[in-house]
Amino acid sequence: MSNPGAATPPTGSPAAANAEAAYVRFDNVQKSYDGVTLVVKSLDLDIAKGEFLTMLGPSGSGKTTCLMMLAGFEPATHGEIFLDARPINKVPPHKRGIGMVFQNYALFPHMTVEENLAFPLEVRRMSRDEARQRVAKALEMVELPGFGGRRPAQLSGGQQQRVAVARALVFEPALVLMDEPLGALDKQLREQMQYEIKHIHENLGVTVVYVTHDQSEALTMSDRIAVFDDGIIQQLSTPDELYERPRNSFVAHFIGENNTLHGAVTEARNGECRVAVDGGGEVSALAVNVEGVNTRTTLSLRPERAEINPASTDGLNTLEGRVEELIYLGDHIRTRLTVAGHDDFIVKVPNTHAHRRLKVGEAATIAWLTEDCRALDPISK
Amino acid sequence: MAANAIEIPTSASGELLTADGRPLKESLQRSLRRRKLTALALVAPAVVFLFVLFGMPVLYLMTWSVDDTLINEVLPRTFDIYEQWDGEALPPEPHYEAMFKDIADATGIQIGRGSTRMNYAKSKWKSLMKKTKRKIKALLNENPDFAGPYKETLLEIDKRWGDIAFWHSLDIMKNPYTAGYYLNAFDLKYGFDNEIIQQPENRRIYKTLWIRTLLISFIVTAACLALGYPVAHLLATLPLRYSNLLMICVLMPFWTSLLVRIVAWMIMLQQEGVVNDTLVALHVVDDENRLPMMYNFTGTVIVMVQILLPFMILPVYSVMKGISPAYMKAAQNLGAPPAIAFLRVYVPQTLPGVGAGVILVFIVAIGYFITPELVGGKDGQMIGNYIARHLRSTLNWGLASAMGVILLAAILILYWVYDRVVGIDNMKMG
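Values in this document were obtained by computation on a predicted structure and should not be read as measured data.

(A) Summary view of the overall build of chain B. The helix and strand tally for chain B stands at 19 helices and 2 strands. The C-alpha atoms of chain B give a radius of gyration of 32 Å, which is well past the 22 Å a tight globule of 430 residues would have. When the accessible surface of chain B is split by element, carbon and sulfur atoms take 65% of a total near 24500 Å². For chain B, the distance from the average site of its 40 positive side-chain charges to the average site of its 35 negative ones is 10 Å.

(B) Representation of the domain arrangement of chain B. Here chain B is described as being made up of domain 1 (1-30), domain 2 (69-178) and domain 3 (207-426). The centre of domain 2 of chain B, based on its C-alpha atoms, is set 51 Å off from the matching centre of domain 3 of chain B.

(C) Inspection of the packing of helix α5 (residues 108-121) of chain B against helix α6 (residues 125-142) of chain B at higher detail. Residues and elements named next belong to chain B. Remark: α5 packs on α6, axes separated minimally by 7 Å, with the N-to-C direction vectors making an angle of 150°. On the basis of the axis angle, α5 is roughly antiparallel to α6. In terms of crossing hand, the pair formed by α5 and α6 is right-handed. Facing I111, G112, S115, T116, M118 and N119 of α5, the residues of α6 in contact are W125, K126, M129, K130 and K133. The class makeup of the residues in the contact of α5 with α6 is 4 nonpolar, 4 polar and 3 charged.

(D) Looking closely at the domain arrangement of chain A. All names here are of chain A. Each assigned domain of chain A is listed with its residue range as follows: domain 1 (14-247) and domain 2 (257-376). Measuring from the centre of the C-alpha atoms in domain 1 to the corresponding centre in domain 2 gives 39 Å. Across the domain 1 to domain 2 interface the summed buried area is about 580 Å²; carbon plus sulfur atoms make up 37%. Three residues stand out in domain 1 for area buried against domain 2, namely Y243, P246 and R247, and they jointly supply 77% of the buried area on that side. At the boundary of domain 1 and domain 2, one finds 0 salt bridges. There are 5 residue pairs in polar contact (both at pLDDT 80 or more) connecting domain 1 and domain 2. Of the residues that constitute the side of domain 1 that touches domain 2, the class distribution is 3 nonpolar, no polar and 3 charged.

(E) Expanded view of the sheet that holds strand β1 (residues 22-31) of chain A. Residue and element names in this part refer to chain A. With antiparallel pairing, 4 strands are arranged side by side in an open sheet as β2-β1-β4-β5. Strand pairing shows two members of the sheet lacking a second neighbour, β2 (40-48) and β5 (86-87), which therefore form its edges. Across the sheet, helix α1 (residues 63-71) lies against β1, β2 and β4 (78-83), angled at about 120° from β1, the strand it touches most.

(F) Highlighting the pattern of salt bridges. Considering all chains together, one arrives at 35 salt bridges over all chains under this definition. When the shortest N-O distance is used, the salt bridge between R224 of chain A and E51 of chain A registers 2.3 Å. Within this pair, whereas R224 of chain A is found in strand β9 (residues 224-229), its partner E51 of chain A is found in the loop between β2 and β3 (52-56), the two being separated by 173 residues in sequence. Beyond isolated ion pairs, a larger network of salt bridges with shared partners links E272, D277, D287 and R290 of chain B.

(G) Region of the structure containing the interface of chain B and chain A. At the junction of the two partners, chain B supplies 17 residues and chain A supplies 21 residues. Buried area between chain B and chain A, summed over both chains or domains, comes out near 1700 Å², and the portion from carbon and sulfur atoms is 68%. Area buried by chain B at its contact with chain A is led by N333, L334 and R344 of chain B, which between them contribute 42% of it. At the boundary of chain B with chain A, the tally comes to 1 salt bridge. E122 of chain A is the salt-bridge partner of R344 of chain B, the closest N and O atoms lying 2.8 Å from each other. One can count 6 residue pairs in polar contact (both at pLDDT 80 or more) joining chain B with chain A. At the level of secondary structure, the elements contributing two or more residues to the side of chain B that touches chain A comprise α15 (326-333) and α16 (338-366) of chain B. With 7 residues, α15 of chain B is the largest single contributor of residues to the side of chain B that touches chain A. Along the lines of polarity and charge, the residues of the side of chain B that touches chain A split into 11 nonpolar, 4 polar and 2 charged.

(H) Up close: the sheet that holds strand β11 (residues 259-269) of chain A. All names here are of chain A. Overall, mixed pairing links the 5 strands, which are arranged β11-β12-β13-β20-β14 in a closed barrel. Each adjacent strand pair in this sheet contributes to an overall mean axis angle of 50°, direction not counted. Summarising the sheet, strand β14 (residues 296-301) and strand β20 (residues 373-376) pair through 4 bridges and their orientation is antiparallel. When the sheet's bridge partners are listed, T298 is paired in β20 with L376.

(I) Examining the packing of aromatic side chains more closely. What the rule picks out here adds up to 21 aromatic pairs over all chains. Summarising the aromatic geometry, the rings of F108 of chain A and F119 of chain A are spaced 5.2 Å apart at their centres and angled 75° between planes, so their arrangement reads as edge-to-face. One end of the pair, F108 of chain A, is in the loop between β6 (99-101) and α2 (113-122); the other, F119 of chain A, is in helix α2, with 11 residues separating them in the sequence. Residue F108 of chain A is classed as buried on the basis of its relative accessible area of 0%. With a relative accessible area of 0%, F119 of chain A lands in the buried category. The structure contains a cluster of three or more aromatic residues connected by ring pairs, namely Y96, W125, W161, F166 and W167 of chain B. Stacked on the ring of F108 of chain A, the Lys or Arg R167 of chain A has its end atom at 4.6 Å from the ring centre. In this arrangement the basic side chain of K122 of chain B is found over the ring face of F166 of chain B, its NZ or CZ atom lying 4.9 Å from the centre.

(J) Geometry of the state of the cysteines. Under the counting rule described, the total for this entry stands at 0 disulfides over all chains. Summary of cysteine pairing: C224 of chain B is not part of a disulfide, and the nearest cysteine sulfur, belonging to C249 of chain B, is at 17 Å.

(K) The pairing of strand β19 (residues 363-368) of chain A, seen in detail. Residues and elements named next belong to chain A. Counting buried positions along β19 yields 5 of 6 residues, so the element is predominantly enclosed. Where strand β15 (residues 307-308) lies against β19, 2 bridges are found, and the strand directions are antiparallel. Looking at the pairing, E307 lines up with A367 of β19. Direction of pairing for strand β16 (residues 317-328) relative to β19: antiparallel, over a ladder of 6 bridges. Considered in β19, the bridge of N317 is made with W368.

Procedures and definitions
Residues numbered from 1 in each chain as written. Chains lettered and ligands numbered in written order. Predicted model: local features only at pLDDT ≥ 70, side-chain atom pairs only at ≥ 80, totals over all residues. Heavy atoms only, no water. Helix = DSSP H or I, 4+ residues; strand = E, 2+ residues; numbered from the N terminus. Rg over C-alpha atoms; globule rule 2.2 N^0.38 Å. Areas by Shrake-Rupley, 256 points an atom, 1.4 Å probe, with all protein chains shown as cover. Lys, Arg positive; Asp, Glu negative; His and termini not counted. Charge placed at Lys NZ, Arg CZ, Asp CG, Glu CD. Domains from an automatic or database assignment. Axes fitted to C-alpha atoms, helices over the stretch in contact; angles between N-to-C directions. Parallel < 35°, antiparallel > 145°, perpendicular 65-115°, else oblique. Left-handed = near helix turned anticlockwise from the far one by under 90°. Contact = heavy atoms within 4.5 Å. Nonpolar A, V, L, I, M, F, W, Y, C, P; charged D, E, K, R; others polar. Buried area = accessible area lost by both parts, 1.4 Å probe. Salt bridge = Lys/Arg side-chain N within 4 Å of Asp/Glu carboxyl O. Polar contact = N/O pair within 3.5 Å; in protein donor to acceptor, adjacent residues only side chain to side chain. Pairing = 2+ DSSP bridges. Phe/Tyr/Trp six-rings, centres within 6.5 Å; stacked < 30°, edge-to-face > 60°. Buried < 20%, exposed > 50% of the residue type's maximum accessible area, 1.4 Å probe, protein only. Lys NZ or Arg CZ within 6 Å of the ring centre and 35° of its normal. Disulfide = S-S within 2.5 Å.

Below, the structure is given as structure tokens:
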């Protein structure tokens, strides 16, 4: 597989100009564990104060390593990390004042919930009375008042999760890191906790750096998402931008559902291009990430942006296909077709009053708007 | 919510019933009974084994430690009328007659054993009994119809029969049960009138021995903990290939004979041993002042620590292995410097293993026998050595049993204290 990131330099917020305003700043950070391969290849990232930034990527993409470097558990092999304009590479973890929610919560099993919450206050030599007030307040915030006397083992997964969040916030850090905090919860609870964490973030105004491999979690919660792959940020954008305007094939493929078509560019102008699709047909697409005429490209089209057998094809790109499978999902019918030699082309047909019923094996015309189809870097297939 | 529902039948008292009308609880018990019986059958051999080879001997031990019936069989007549004596002056003729006849009827073996027992109560009984038996035998050979006067005759045989102290000492032997062995084990004994008094100064050995046994066990346990804890931590945190190697080093002693290890220590620590030779060669000590590290207290402690170290390392290691490194990270992240994080978050979580290790090492140490026997010399002997001595050489099984029971009680008390302080459920052997 070629490296899809190579074509696109990772760009986020206006980096250098905004350096003073950035609360957390990774400056050309590299990390290697074995001296042979780089886990984080070259990371430049600015995080604004009060922002909810998610590091999203498949496992092994370097996102957790970045978090561990920020928390101080892993030294950066090269480069500098700044916290509030202060370089922190040489600051030990306990002096960074960063809150963290661990993957399996890491609640101290030999302490009660109250003692767990009081721990960061005690090591900061806070007076007993004030600590008690803060603990009570934190428990209230996560809706667990009255649970202070219990041991972590006596709590359910969701309750442990809340305690972990409360513990990371009780000493009022300006920055909180969360390392896949919802990974151990079931789906329903996970969704509920996503909203709760989001609300806590909004109410307290803390900066949150959140690591996950779950894209829906990232889309739900984040102000901005940094998509990691292969030790590089592939794209740093807001959730809607990331979904609607992916900059390369990896992001298009990783975020949401995506149809890909391969082809060669025949013509390019005004930000649009004509692409000769392998397997027949020529379509127009936005030239997002193509190198020029006569180069290979991968087209990306979201399943909900394509239409089957439209009333009129004026101004639309069309390809012929054949219906292979119909899956009834209530609000829409997931239709799998063979298009241009690929048998995994998905179209979501809304279950509206007027939609035409398709049959398996039927020929169909697929149509879409040029602006919904993005010509990206080629991936071999 | 009104979903589909079935009517579950209940009895008059409100208990749930199964479909055939039996109470649910009863049905459940019936269905579980078979499984319980199978489980019971599986553990039965171990239970029987434990009872026959451990439980019964311990019960015997307890009986022996208080048993005092032997002497009652040897001197039945004497004890029958003993109560009639006021104890103020020497007993009257009937008592001497009873004693005479008892000694005359007893076999040589009975006199031997009995007089040994009598000697515990008062020294010189043994020689008195043996001499008297011999003389009476000779006298009866000469004159089978001898019928007194008994008092006069006995006093003639040995003037000690006129010593009231011997007669007083019989009082304590009359009872078929005695606490005498237990008193003996603490350098105490019965005096006249059954009051408890200390042994004469030159016969007090056990109190020092108990204190020394406890002291050695404490030192050995503490040393094992101090040496074993870091090793266990290393074992639990090193990458697998190094920790495996280290584990082999820890387990190596288990694959080596105890005697081989002790002899190795002798070679190392004796006066002309490797350690002393090295120290002399380095001019740390003079040739004349070589350190005495073998055949004494020091030698016992050093060798016992080496032998018992794995018993500390293994349970501590197994607990440490289960502690996620995330806890230390979390503690530091929350603002604790590494040392505080270690003491407040890591160490408390290792306590179940530490408790198990401490109990294990202490219990094994307190009854140790071979090591002090071989390297203990004079001041490195422990209570176990004396139990063995009384079992094998002096044949004072009563005293040996009493010491064994005291040892058992000491361990049970420790166990109880541990349970109260730490909680036995918290202990993890592995």
